Each structure stands twice: as structure tokens, then as C-alpha cells.
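What follows is the residue order along each chain.
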Amino acid sequence: MSILANKDTYVVIQGGVAGVNAARRMAEFCYLIKRSLNVLAFVYPPDAGKTHEIPYGSGLVTVPIYKTVAEATKHHSQINTSLVYIGADRALKGGMEALDDSHIKVVSMITEGVPEKDAKILGRHATKLGKVFNGPSSIGIVSAGSCRLGVIGGAFDNLVLSKLYREGSFGVITKSGGLSNEIIWICSQFADGITTAIGIGGDAYPGTDYVSYLEMFENDPQTKAVIIVGEMGGDIEERAAEWYGAKKRRVKLMAVVSGFCQESLPKGMKFGHAGAKEGLKGEGSARAKSDALKNAGAIVPATFGALGPAIKEAYQEMLKSGQVKEPVEPASLPKLPKSIEAAMKADEVMVAPLIRTTISDDRGDEPCYDGYPASELINKGYEIPHVVGLLWDKRLISKQEAEIIKRIMMLSADHGPCVSGALGTIIAACAGIGLSQSVAAGLIMIGPRFGGAVTDAGRFFKHAVDNKMTVDEFLVYMKKNHGPVPGIGHRVKSLRNPDKRVKELVGYVKSLNMKTPCLDFALEVEKITSVKKDNLILNVDGTMAAVLVDIGFPVDSLNGFFILSRTIGLIGHWVDQKRQDSRLIRLFDYLVNYAAPKRREVPPLK
Amino acid sequence: MAKVLEGPGMGLMKKWGITVPNYVVVTSVDELTKLGQANEWLKKSKLVVKAHEALGSRFKLGLVKVDLDFKAAEAAAKEMIGRQVGSITVSQVIVSEMIPHKEEYYCAVKSTREGTDILVANCGGIEVESNWERVKRLALEVGQQPSADALEKVAKDAGFTGPLVKKMADFAGKMFACFDSEDAQYLEVNPVVLREQDGELIALDAVTLLDGDAKFRHPDWNFAFAAEFGRAYSKHEMEVMAVDSKIKGSVKFIEIPGGDTAMLPAGGGASVYYSDAVVARGGKLANYAEYSGDPPDWAVEVLTDKVCSLPGIKNIIVGGAIANFTDVVKTFGGIINGFRKAKSEGKLKGVKIWVRRGGPREKEGLDAMRALKDEGFDINVFDRNTPLTDIVDKALQNK
């Protein structure tokens, strides 16, 4: 048996994230003891109507979220317990709502920092209704082998180590959450473990104090002894002592009290929980409490460390007198399925990767590009073109190469509003479309006729150079197999009206001491084609392509240089239109040649 | 529990209809001089000047001066403001009107488990402390309001007679209203005096403890809470408090000058058991500290930094029970970063570190601590199989 929480306990959790975390922990316990999840509902108005998925073993349990406690208990009439995880400013209202629900018999409040007055009102209301209000600031309640309310008991491994999967003989009542776990562990190591452990919270006026729970334990035949972990301040330990001393009790009472250090500290210095306050004239001091408990006949070890041996001694006596029998441990216990991450860490599974990357890694404290930390690149003077080199071609390019790329980007960043890309972006911007979509509208234009010839130009020039073709051979090859030469020809520019960007780039690259076989070949091609027609000049795509091939960039990356550079311009156009609050554009009729059939009658549908 | 200085305390009482003497709180003599021109009572009445700080024994320290005219009050203010008392610099004085009186009484309201106690005595000042049996009590249940009859009865029981019965009952009723409405935990007026000129009961001195947790519903609490242990908070304490106020979970830090055993344990409950163990072993605490509720690692790092900065420490106790949901790896990560930083700043020389902990991811966390040995830390790490406070015994066994 146990008290307060058992196999018939079903729970509604009032609150958000913290409540969900508690439900996960509770599900782990339910899984360990092979009962279904005891959390049937959440109450959290902002998410009402949705559900939470709580992991249970290797599966998930769907738990609905309601707006009110009444709705939750209407749909799940087995609910008899509420755990309150609502913020301190709304805890009173939430606690009252739960107490006032006729289905609910136990309300345990986990919320910390609840005003004292509110806690007292809740405690008083529960007493009047004959219900239990536990907390505030409670870590929870756990009955070994039957029910866990809250995160008390800790991680799954600890539940097993502390033998919480089966009943022992010791009841535990603590103000401290962390120490509840410690005592549960001690009981499992020095004796046969616990029946029920209750965190009553460290506030000055816990909703339910030691005495009420001692009464319950006294009436639970499975519980043979109760351990109280007390603190200085208030008088609930004294009341427990009074209860124990009042008449012969079936349960053995053991207790420790903290706060002796207070005797040697500057006066008024306050430690620990809210309730840990010494009163005037030494009442509520650790010594007063410890003496009261001792005088009432409780076993009070001098230190916390001495509690283990004292529990052991009490347990050995119980065994000798036949009051308890050595527990039988189950042959096997469910193991909590590991997450993939944990299982991989333990070398237990192998997972075939879904994708493979060879360029970057962001799993550390900063991104690494081809293995080089970004901050180190910055601090050692590297620039954007080097990052392009690392991510596109997996190599650290030279300063000179970086300078060429920088110039290519600067020359191609924008080409006014009339070109397909910019126009696409501008039309989208004027239609009120957002930045990324508008820029995408511009980028979509990049293709064989606009800006997208760089890759192909590079590919064919490279093919010619690699195969040592003459210009004539190349032109024949192109005409036969592919058509016009990409990178040659311009809508507007011509021999007489040369493209200054091309001149600039060619001039710079030629001024450097580097081999440019591809560029040289492209210029030879231009010499021939421009004679045929004076706008068949080497255009900016072709120039970029030839130079980038000469630097050694892979052919497939070449369009990227145009896309990257032109994105700068497209963003500029979007911001520019946005700044002007431009209106929706509609094409004027006079700009359209309406070549569609004249208006005519629609024949009857056959 | 949050202590409020006399000025704002009197302000709250005044709000609920309790008569208090005229008073002003000033931070400079100039301010007082200007107020003297604007407030006739400062020139006409005899005055009391008190240091307006969370200091005990102000009388003994000469920080209360009575029966002064305005000139003398200015002189007293000048003398007090800026005075250094221990770690506190007096930055404010409260100047109040002296109330000529013959009789002194006592009234207090305090929170009890069952509800509220109203305490009344027909003696006051130090007399009440030596005659505690003369204090009469009206016990109220949670949510109960005191009736006029009950208040008069307790006044009569306390020995008030004639018109004073009703006056004291009224006074106590207003004290209760203030207590109940302001989320107070303790209100005490000692003495309550009978003003000779008009026979009105006046609250001469106020002790006000409010429930800091209820601040969210009192937007008019525009005053700072005072430190409760007779000294101002130190810079490091305030830094940790600032962190504490903005995180999930908590970090706490109080310095105790002169100690050599530094505390860095987890848990509001366990931390006190650790402190007890140090004292029981004859050690001297250099601080109190505590982190709990799965605080972020950076908050624990700040706390660690302050602990490592304590002067003259020989041992650091990184204790903790078996955590429920505080992640050991994460919180230890904060401590480890703090230790590394301290070491790089030349701290922790000759300091032994003692670790004991359990809880979620305990093995990984303890392994990480153990690895600090390779970095030259003098560190001893124990798991859940070592009883909670045994590390204190080990640390202090050569004492």
C-alpha cells in the first residue's frame, strides 16, 4: 500500500512547458512499472484544443489539452488529482479551480514563489473541502511501484537504482526536492526502499504539513517507519514531534533537521528555502526542533550522513522481529528505449547517413568552412572571395585570385532596372511581395538568355583549350553540335560600343603575371566573330567564365558567380521599391500587341 | 520575506489610515534645508534624525539623534550622511517630528499558520520586551476579518480602559487592513503613542516585512527591499541576485567574511545540510551558496566565479544530493568554466575542490569534473555512493 498516490491515481496537469516535462518523467515511471500513462489531460488555455505527444517506451501517447479543469474532468472522469505548474501570479486561481472540481481529491502545487497569503488560502480551502493541497514548491509525490506525481525520483536510471519499481517499508516527507531523492536512494540502499515519498515544499506554510501525512502513514500498514527531513523555521517539525509524542504510534519516526550552522552565523542571515527562518527567541531553530523530536521519542541522527546507518539499524530490527520480509526483486525490468543519439554514443546502433557533406560543419561553437573556423579566417585577414573558394571549390585561393573574384562580383552586382532579373524583382516588390520571394523572382530569370551563360561559356572555352582546338575548329564544332557560342554576343554592346566591364576585367587580368589560356582563346574567338557581326563580342558572361576557368574553378560553379553578385543588386532593387512605397505595376495596353483573335461568339457546348 | 525601511513602511501605514508623524527622507543636507523652507513643521517641531539604512543598534552607533531643532537636525544629518558603518555607507536619513507623549503602547500583526495574529499591549518601547505576558493576542483564521467587538475585547484584555479601548481597537483594525491588503508578513509599531495635544494614537516606529513573492500585484511598491542581516549586500551578492532574478531556477550567494571553507552546493535543502556539516566539523564558512531548479550553465558560472573570488579559502565544497531534474552535465559545465576562468586569473592556488553529486547525466558530469585533475586542479570527485556530506568530513579532516 501507499498513501496519497496509487494505481488508481489519474492526473490532470495545469500548466505549460514545465508540466509537459513532468508528464514525460511520469511516463517513464509508468513504463517502468508497466502501467499506462496516468496523465490523462492538460489544462492550458493558450493551447486548448491541441494535444501533447508524450513519449512512452518507444511510442508516443497523445494527451489532450483543455481550457479548464472542469472540461478535463468532464472528458476524463477518472481524473482525481491535479498537478499545478502555473506561474506564481496565477497559481491561486488555478489551485482554487482544481480544488473546486468535484472529481479532484488531491492538488499538488509545484509552482515556486507563491505569495504566502495565497498558499494559506489554498490550504484552508482544501481543509474545508476535505481535500489535500500539497505544496507550493513541491517537487512531487511518488509511491513506489504505483504512482509518480511530478519529477520526484529524477531520471529513469535513478528510478531503477532507488528501486522505485516496487514497494519498501519507509515513508518519506521532505521540504527539499533534492533531498527527497537522496532519502529515497538511501532507503533503497540501507533498507528495502520506500512506500511513498512526499515533497511538501520549502515554503513557510506548506498546504499540508508533516502531521497530516504522518496520520496517513500511520494508517498505511505497509509503512513501518517515516523519515522527516526538516529545516529550521516555522513550527511544523515541532508539531510532528508533538503528534509523535502524544501517544504510542505504530510507525517509527526518524528525522533530521538542518540549520545548525545558523548558531555560528551573523544574526539574521537567512539561508535556504523561504520557510527557513528562525523566529524570535530561538523558536524554530534547528536545535529546538531536533530536541523536540528527540524528546518525543523519534530517532534523530546527529548529521544527515548518519541517517543511512540509522535507517539500516531500524530495518534490521524490523527484519529480526518479522515485521518485514526481505523484498523479492523482479527478474527483469523494462529498459527505457534509448534515443538514437544515446544509442549511437554507446556504439549500439549504426545509422546510414541521409546526406553527406564535404564543405562545412556547424556542430561546434562556430562554423568551419572546409575545416577552417570562420573566426580564424576573419582574424587572419581572409575575405568573402576566400569563403567562396572554400565552399565552392574546397580550397584556399590566393590573394590575387581573391582580388579577381572580388572585381568580378563588383562588376556584376547590378545592371540597372531594365534587365530581366531586376525587372522581375521590381514587379514582385511593387506587388507587395516579401524580400526573399521577390529576389527569387529575379533569380528565376537567370538562365540561357540572361546571366546564365557563364557555366556554358566556361565549359565550351575549356573544351576547346583542353582539346587544343583552333578558333575555326571550335566555331565549326559549336555550329555543328550546339549552336551560337555562349559568352559571345550582346543585345546592346558592340565593337563600336564596347562593354566597359569586359575591358576593365580583361585589362586587370592581363596586367597580372598569370597564365590565361582560356581568356586568350576567348579573345581570339571574339576577333573572328566580331568581324562577322559587330555585336558578336565577348560579353561579360564569357569573360567571367574564361577568367574563372583560368583560376581553376569547376565549370559547374561558374553561374554561381553571377547569381551571387546579382543577388546584391536584386536585394537593392527590392529595398529601393519598398523605401519608395511603390505602387502595383500594371502593363499599359499600348505596350502590348494584341494579336489574339477578335471578339467572337461562343458556340453552344456540345 | 522582504524588509522595508522605515520611510516606505510608514508610507504604507499612512495609506491605510494610520497616523504617523510628519517625516521626510533625505539624501543630503541641502535637500533637508530646502524641505525646511517648504514644510513649516520642520521649523516648528522638535525633530528626530535617524540613519535610514538596514542597520541594527542605531542608537548605540549614534545614528539616532532626538529632541533637535531644525539647525541641530541639519547638523545631525550632515554628520550621519556618508558615514561608513561596516559595509554600509549611510546614504539617507529620515527626519521626523517628535511627538510629545507620556504613554507608550504596542501593536503588531503577524502571519501564523492558521491565519493572522493581532498583538496588543498597553506598554511599549523596551518595556514590552521584558513584559511579554502583557501582550494580548487576537487570533484570526485565514480569510477572516477582525470584528470591532473582537478588537475592543483584545484592547480591554490588554488593559486599555475608557476611550482608549476604542482608539486602540481602531488602530489595530487599521494595522490589520494594512497587513492584509499589502501582503505583509509582519508589521510592528513600537511604540504606539498617545499624542498629548489631541489624544490621537500615533505610530512612532514601523517594522515592516512584506512578502516579496507578492510584488507582482503591488505596482505601487516603488521602494527597494533592504538586506535583512544588518548589512548592505556586497557587489558580488548583488551581481548574483541580478542573475537570479532573470533565470529559470535559482542561484544564491551570501558572503561570510573570515571563513576559509567555500560552498558551492546544489539545492536549497542540501546546501544547508552542507553548511551544517562544515560548522559541525569545526570549519568556518566563507559563504553560503546554492543553485537549483536546473539553472542555465552561465548562471552557475557566474556563481562559481564569485565563490572562487572569496579571499583566503582553502576548500570548495561542490556538493549536492541526487537531483530530480537539474542536469548535472550542464550545471557542472558552468562550474568547470568558472573554475578554469578563476585558475587563469591566478585564483584557486592551494585550494582543494571536493565534489559529490547525483542526478540526470551524473556519470558524464562527474567524469568531466574528474578530468579537471589533468588540468592541474586539486580536485576530488565522489558519486552517489559517498554519503551526502562525507566530502565535508574529508575536506576538513586535518582540522
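What counts, and at which threshold
- Residues numbered from 1 in each chain as written.
- Chains lettered and ligands numbered in written order.
- Predicted model: local features only at pLDDT ≥ 70, side-chain atom pairs only at ≥ 80, totals over all residues.
- Helix = DSSP H or I, 4+ residues; strand = E, 2+ residues; numbered from the N terminus.
- Buried ≥ 20, exposed ≤ 12 C-beta atoms within 10 Å, placed from the backbone.
- Contact = placed C-beta atoms within 7 Å.
- Nonpolar A, V, L, I, M, F, W, Y, C, P; charged D, E, K, R; others polar.
- Domains from an automatic or database assignment.
- pLDDT = per-residue confidence, 0-100.
- Pairing = 2+ DSSP bridges.
- Axes fitted to C-alpha atoms, helices over the stretch in contact; angles between N-to-C directions.
- Parallel < 35°, antiparallel > 145°, perpendicular 65-115°, else oblique.
- Left-handed = near helix turned anticlockwise from the far one by under 90°.
- Core = buried A, V, L, I, M, F, W, Y, C linked by C-beta atoms within 7 Å.

(A) Structural view of the overall build of chain B. From N to C terminus, chain B includes 13 helices and 19 strands. When its C-alpha atoms are laid out on the principal axes, chain B stretches across 80 × 50 × 40 Å. Relative to its 399 residues, chain B shows a buried fraction of 48%. Summarising the internal contacts of chain B: among those between residues at least 6 apart in sequence, 71% fall at separations of at least 24.

(B) Broad picture of the interface of chain A and chain B. In this assembly, 49 residues from chain A lie in contact with 46 residues from chain B. For the side of chain A that touches chain B, the secondary structure elements donating two or more residues are helix 4 (116-129), helix 6 (177-190) and strand 12 (225-231) of chain A. Residue contributions to the side of chain A that touches chain B peak at six residues, all from helix 6 of chain A. Taken together, the residues that form the side of chain A that touches chain B break down as 20 nonpolar, 19 polar and ten charged.

(C) Region of the structure containing the domain arrangement of chain B. For chain B, the domain assignment lists domain 1 (22-97), domain 2 (104-217) and domain 3 (235-395). Placing the centre of domain 1 of chain B and that of domain 2 of chain B at their C-alpha centroids yields a distance of 27 Å.

(D) Structural view of the confidence of the model for chain B. Of the residues in chain B, 98% have a pLDDT of 70 or more, and the chain-wide mean is 92. Under the prediction, the complex receives an ipTM of 0.89, its pTM being 0.81.

(E) Geometry of the sheet that holds strand 18 (residues 352-356) of chain B. All names here are of chain B. Pairing in this open sheet of four strands is parallel, and the strands run 15-17-18-19 from one edge to the other. What marks the edges here is a single partner per strand, and that holds for strand 15 (261-263) and strand 19 (379-382). Geometrically, the sheet is characterised by an average inter-axis angle of 15 degrees between neighbouring strands, direction not taken into account. Two elements, strand 15 and strand 17 (residues 315-318), share three bridges in a ladder whose sense is parallel. Counterpart to Met263 in the pairing with strand 17 is Ile317.

(F) Here's a closer look at the domain arrangement of chain A. Residues and elements named next belong to chain A. Domains assigned within chain A are domain 1 (7-136), domain 2 (139-262 + 283-352), domain 3 (360-412) and domain 4 (420-580). Look at where the C-alpha atoms of domain 3 and domain 4 centre, and you get two points 23 Å apart. With ten residues of domain 3 at the interface, the matching set in domain 4 holds 19 residues. Residue assignment for the side of domain 3 that touches domain 4 shows that the elements contributing at least two residues are helix 13 (384-393) and helix 14 (399-412). Looking at which element gives the most residues to the side of domain 3 that touches domain 4, the answer is helix 14, with eight residues. Broken down by class, the residue content of the side of domain 3 that touches domain 4 amounts to five nonpolar, two polar and three charged.

(G) Highlighting the pairing of strand 8 (residues 104-111) of chain B. Residues and elements named next belong to chain B. When you tally the buried positions in strand 8, you get six out of eight residues, the bulk of the element. One ladder, built from six bridges, connects strand 8 with strand 11 (residues 184-194); its direction is antiparallel. Residue pairing across strands places Ala108 opposite Glu188, the latter belonging to strand 11. In this sheet, strand 9 (residues 115-121) lies alongside strand 8 in antiparallel orientation, the contact comprising six bridges.

(H) Structural context of the sheet that holds strand 14 (residues 360-361) of chain A. Here three strands make up an open sheet; going across it, the order is 14-15-16 (chain A) and the pairing antiparallel. Of all the strands in the sheet, the pair left with one neighbour each is strand 14 and strand 16 (372-373) of chain A.

(I) Inspection of the packing of helix 16 (residues 435-443) of chain A against helix 22 (residues 558-580) of chain A at higher detail. Residues and elements named next belong to chain A. Look at helix 16 against helix 22: their axes get within 9 Å of each other, and the N-to-C directions meet at 130 degrees. Our classification of the angle between helix 16 and helix 22 gives oblique. For the pair helix 16 and helix 22, the sense of crossing is right-handed. Contacts between helix 16 and helix 22 involve Leu435, Ser438, Val439, Gly442 and Leu443 on the former and, on the latter, Ile563, Thr567, Leu570, Ile571 and Trp574. The class makeup of the residues in the contact of helix 16 with helix 22 is seven nonpolar, three polar and no charged.

(J) The packing of helix 8 (residues 235-246) of chain B against helix 10 (residues 297-308) of chain B, seen in detail. All names here are of chain B. Close contact between helix 8 and helix 10 brings their axes to 10 Å; oriented N to C, the two are set at 170 degrees. Comparing their axes, helix 10 and helix 8 come out roughly antiparallel. For the pair helix 8 and helix 10, contact is made by His236, Glu239, Val240 and Val243 and by Ala299, Val302, Leu303 and Lys306, respectively. Residue composition of the contact of helix 8 with helix 10, grouped by class: five nonpolar, one polar and two charged.

(K) Spotlight on the nonpolar core. In this structure, Val172(A), Ile227(A), Ala255(A), Leu303(B), Ile316(B) and Ile317(B) are the most contacted members of the largest nonpolar core, which totals 166 residues. Examining the composition of this core, we find that ten residues originate from one element, helix 1 (residues 17-32) of chain A, more than from any other. Leaving out residues up to four positions away in the same chain, Ile317(B) has contacts with Thr261(B), Met263(B), Leu264(B), Pro265(B), Tyr274(B), Trp354(B), Ile391(B), Val392(B) and Ala395(B). Of all hydrophobic cores here, the second largest spans 65 residues; its members include Ala2(B), Val154(B), Ala169(B) and Phe171(B).

(L) How the structure looks around unusual backbone geometry. Following Gly135(A), the chain continues to Pro136(A) via a peptide bond in cis, the omega torsion being 0 degrees. Position of Pro136(A) relative to the elements: it lies in the loop between strand 7 (132-134) and strand 8 (140-143). Cis rather than trans, the peptide bond between Asn190(B) and Pro191(B) has omega equal to 5 degrees. Considering the arrangement of structural elements, one finds Pro191(B) in strand 11. Despite not being glycine, Lys468(A) has its phi angle at roughly 50 degrees, a positive value.

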